[in-house]
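# Survey of secondary and tertiary structure
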2 protein chains.
Amino acid sequence: MFDDILREKIEYINKGLNEFLSLTDRPEVLFEAMRYSVFAGGKRLRPVLCISTCELVGGNKEDALAVACAIEFIHTYSLIHDDLPAMDNDDLRRGKPTNHKVYGEAIAILAGDALLNYGFEVLIQQALNSSKSQNILKAADEIARAAGCRGMIAGQVVDLLSENREIGVDDLKFMHDHKTGALIRASILAGAIMGGADDDTLKKLSSYAEYLGFAFQVKDDILDILGDEMKIGKDIGSDMVNGKSTFVSVLGLQRSVDLINELTEKAINILDGFGEKGEFLKNLTQYMAERDS
Amino acid sequence: MFDDILREKIEYINKGLNEFLSLTDRPEVLFEAMRYSVFAGGKRLRPVLCISTCELVGGNKEDALAVACAIEFIHTYSLIHDDLPAMDNDDLRRGKPTNHKVYGEAIAILAGDALLNYGFEVLIQQALNSSKSQNILKAADEIARAAGCRGMIAGQVVDLLSENREIGVDDLKFMHDHKTGALIRASILAGAIMGGADDDTLKKLSSYAEYLGFAFQVKDDILDILGDEMKIGKDIGSDMVNGKSTFVSVLGLQRSVDLINELTEKAINILDGFGEKGEFLKNLTQYMAERDS
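Rules and cut-offs
- Residues numbered from 1 in each chain as written.
- Chains lettered and ligands numbered in written order.
- Predicted model: local features only at pLDDT ≥ 70, side-chain atom pairs only at ≥ 80, totals over all residues.
- Heavy atoms only, no water.
- Helix = DSSP H or I, 4+ residues; strand = E, 2+ residues; numbered from the N terminus.
- Contact = heavy atoms within 4.5 Å.
- Expected span 1.5 Å × (residues − 1).
- Bend = angle between axes of the 7 residues up to and from the residue.
- Buried < 20%, exposed > 50% of the residue type's maximum accessible area, 1.4 Å probe, protein only.
- Phe/Tyr/Trp six-rings, centres within 6.5 Å; stacked < 30°, edge-to-face > 60°.
- Lys NZ or Arg CZ within 6 Å of the ring centre and 35° of its normal.
- Least-squares fit on C-alpha atoms with pLDDT ≥ 70 in both.
- Salt bridge = Lys/Arg side-chain N within 4 Å of Asp/Glu carboxyl O.

## Looking at the environment of Cys 54 of chain B
Residues and elements named next belong to chain B. Relative to the assigned elements, Cys 54 resides in helix 3 (residues 45–56). For the pair Cys 54 and Ile 107, spaced 53 residues apart in the sequence, the C-alpha separation amounts to 35 Å. In contact with Cys 54, not counting residues within four places along its chain, are Gly 59, Asn 60, Asp 63, Ala 64, Gly 191, Ala 192, Met 194 and Gly 195.

## Side note on helix 9 (residues 169–194) of chain B
Residues and elements named next belong to chain B. Taking 1.5 Å of rise per residue, 26 residues should cover 38 Å, and helix 9 covers 35 Å from first to last C-alpha, within 8% of that figure. At Gly 181, helix 9 shows its largest kink, close to 50°. Of all 26 residues making up helix 9, 20 are buried, and the element is well covered by its neighbours. Positioned one or two residues after helix 9, Gly 196 has a phi angle of 85°, which is positive.

## Some words on the packing of aromatic side chains
Under the definition given, this model contains 11 aromatic pairs over all chains. A centroid spacing of 5.7 Å and a plane angle of 75° characterise the contact between Tyr 36 of chain A and Tyr 103 of chain A, whose relative ring orientation is edge-to-face. Here Tyr 36 of chain A, found in helix 2 (residues 28–38), pairs with Tyr 103 of chain A, found in helix 5 (residues 99–103); they are 67 residues apart in sequence, far enough to count as distant. Given a relative accessible area of 16%, Tyr 103 of chain A falls into the buried group. Taken together, a centroid distance of 5.4 Å and an interplanar angle of 50° make the contact between Phe 73 of chain B and Tyr 118 of chain B tilted. Here Phe 73 of chain B, found in helix 4 (residues 61–83), pairs with Tyr 118 of chain B, found in helix 6 (residues 105–129); they are 45 residues apart in sequence, far enough to count as distant. You'll find Phe 73 of chain B and Tyr 118 of chain B in the same group, each marked buried. Feature note: the residues Phe 2, Phe 280 and Tyr 287 of chain A constitute an aromatic cluster, connected by ring pairs. Above the ring of Phe 280 of chain A, the side-chain terminus of Lys 9 of chain A is found at 4.7 Å from the ring centroid. Sitting over the ring of Tyr 12 of chain B, Lys 61 of chain B keeps its end group 4.7 Å from the ring centre.

## So, the relation of the copies chain B and chain A
Mapping chain B onto chain A calls for a rotation angle of 180° and an axial translation of 0.0 Å; the resulting RMSD is 0.0 Å. Taken together, the turn and the small shift mark the pair as related by a two-fold rotation axis.

## What to know about the pattern of salt bridges
Applying the stated criterion to the full structure yields 38 salt bridges over all chains. Arg 44 of chain A is the salt-bridge partner of Glu 72 of chain A, the closest N and O atoms lying 2.9 Å from each other. Of this pair, Glu 72 of chain A sits in helix 4 (residues 61–83) while Arg 44 of chain A is found in the loop between helix 2 and helix 3 (45–56), placing the two residues 28 residues apart along the sequence. Each member of the pair, Glu 72 of chain A together with Arg 44 of chain A, is buried. The partner of Arg 291 of chain B in a salt bridge is Asp 220 of chain B, with the nearest N and O atoms 3.3 Å apart. Of this pair, Arg 291 of chain B sits in the segment after helix 13 (279–290) while Asp 220 of chain B is found in helix 10 (residues 199–232), placing the two residues 71 residues apart along the sequence.

See the structure below:
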C-alpha cells in the first residue's frame with residue numbers, strides 16, 4: 001500500500017521532470033548531459049517530500065510539482081559537481097558512470113551549472129505566470145537559501161576542508177546540516193508553503209524536517225560504512241573512513257542506530273498532529289530510517 | 001564629463017556589490033573566494049548598462065541596483081568556471097591569478113556555484129520583499145533565461161565544441177550571441193523593466209541591445225588578437241587563434257572594424273529617440289566601440 005503510493009508519486013514526479021526537460025535546442029550534448037543525470041535513477045526523496053507536505057496541509061500535488069522539480073534539478077546539479085575529479089572524484093553514482101565520465105569534465109561542469117540555473121528558471125517562470133506568485137516566491141526563497149553559500153555549498157566546502165583530519169560532532173553536524181539537511185528542510189517547507197500552510201504549521205514542519213534530516217544523515221553514514229565493509233572488508237566503526245569523520249566514527253555504531261530511532265520517533269510524533277493525512281509521511285519517515293540504500 | 005559619470009556609476013555599483021557580499025558566515029574561505037573574483041577589477045559593464053537603462057526610461061538607479069548586482073554575480077560565476085583547467089585553463093584574468101589558482105579547483109567550482117545561486121537569492125529576496133514584485137520577476141526571468149541552458153551556457157558549450165575546428169560565421173554568431181550577447185541584452189532589458197518601461201520601449205531597447213552586444217563581441221575578438229599579437233607577435237588576421245574561429249579570422253580585420261562602426265551607429269540611432277536622457281548611453285556605446293581593453 002505505502003509502496004504503491006510512493007511509486008505513484010515518483011512516477012508523477014518523473015513525468016514532471018521529463019516535461020520540464022523536453023527542451024529541444026542547440027547544443028544537443030548539453031541537454032543530453034542534463035537529462036542523463038536527472039534520469040540516472042535517483043530516489044526522488046526531495047520532490048516526494050515536497051509534494052507530500054503540500055498534500056499534508058490540504059493542497060494538491062499539482063500545486064507543488066514545479067517547485068518539486070526545481071528542487072530535484074538543483075539537487076542533481078550538486079551531485080554532478082560533487083562527483084567531479086576536483087571534488088570527490090567519483091566514477092560511479094548509483095551504479096552508473098558519473099556525468100563527467102560520460103561527457104567529460106567541461107560538459108559536466110556546464111550541465112551542473114545549467115541544472116542549477118534551470119531550477120531557478122522554473123521557479124521564476126512559475127512565479128511570473130501564477131496567481132500564487134507570493135507563495136512560489138516564499139518557497140523559492142527557502143530553496144535558494146538552502147542551496148546557496150549559507151546552505152548546501154557551505155556544507156560542501158566544510159566537507160572538503162575536513163578531509164584527512166578528524167572533526168568533532170559539532171563540525172560534523174554543521175557539515176551535514178548544510179550539505180544535506182538544508183535542502184531536505186527546504187523541500188518540506190516549500191511543499192507546505194505551496195499547499196497554503198500557516199506559520200504555525202510551518203513551524204511544526206520545520207521541527208519535523210530537523211529530525212528527519214538529521215536521521216537521514218546518520219543513516220547515510222551507516223550505509224556508507226556498511227557498503228564499504230561489504231566491498232573492502234573494512235571494520236565497522238573505524239575512526240576514519242576515506243579520511244573523513246562520520247557519525248559512526250564519532251559516536252560509534254550503536255549510538256548512531258539509537259540516534260536514528262530517537263529522531264525518527266520524534267519526527268513521527270509531530271506528524272501525529274495531522275491525523276489521517278499524516279499517514280503517508282509517517283510511513284515514508286519510517287521507510288527512510290530502515291532503507292538499505 | 002562622461003568619464004566622471006561612468007566612474008560614479010561604477011562606484012555606486014561597487015558599493016552595492018560590497019553590501020550584498022558582506023556575509024560573515026562559515027566557512028570563511030568560501031566567502032573570501034566569492035569576493036575575490038567579484039572584486040578582481042571588472043569593468044562592471046553589465047550592471048552599468050542595467051542602471052543606465054533604468055534611468056533612461058525614467059527610473060532611479062536605486063530601483064535597479066539589486067538586479068544589477070545579481071547580474072554581476074552571475075557574470076562573475078561564469079568567468080570563474082570559464083577559467084577552470086577543464087575549460088579554458090587560464091591562470092590570469094585581468095592580470096590577476098584566476099580563482100582556482102588562488103583557492104584551488106574545488107573551491108573555485110563551489111565559489112562559482114555560490115555566486116550563481118546568490119544572484120538568484122538576491123533576485124528572489126527582492127521580489128519577495130518589494131512592492132514591485134512583478135517587475136523584479138520580469139527582470140529575473142530575462143536574466144535566468146539569458147544565463148541558462150538556452151543562453152550563456154549554450155554559448156559556452158558551442159565554444160568548447162568549436163575548439164580546433166573552423167566554424168562559419170553563423171555558428172560563430174550563435175556562440176557569441178549566447179555566450180556574451182544574451183546577458184548583455186538581459187542587463188539592458190532588466191534595467192528598463194525596473195524603470196517601468198512599456199512594451200514598445202522594451203522592443204526598441206531590445207534592438208539596441210542586439211547591435212551593442214554584437215559590436216561588443218566583434219570588438220572582443222579584435223582586442224584578443226591585437227593582445228595576442230603584442231604578446232607573441234602573431235599575425236593579425238591569422239585564420240585560427242588558439243584553435244578557435246573568430247570574427248576577425250572569418251571576416252578579416254577591415255570588415256570587422258567596419259562592422260563595429262555600422263553596429264555602433266545603429267545602436268546610437270535608437271538612443272536618439274530618448275533625447276537628452278540618452279546622452280550617457282550614447283557615450284557609453286561609443287566608448288565600448290573604442291575601448292582598448
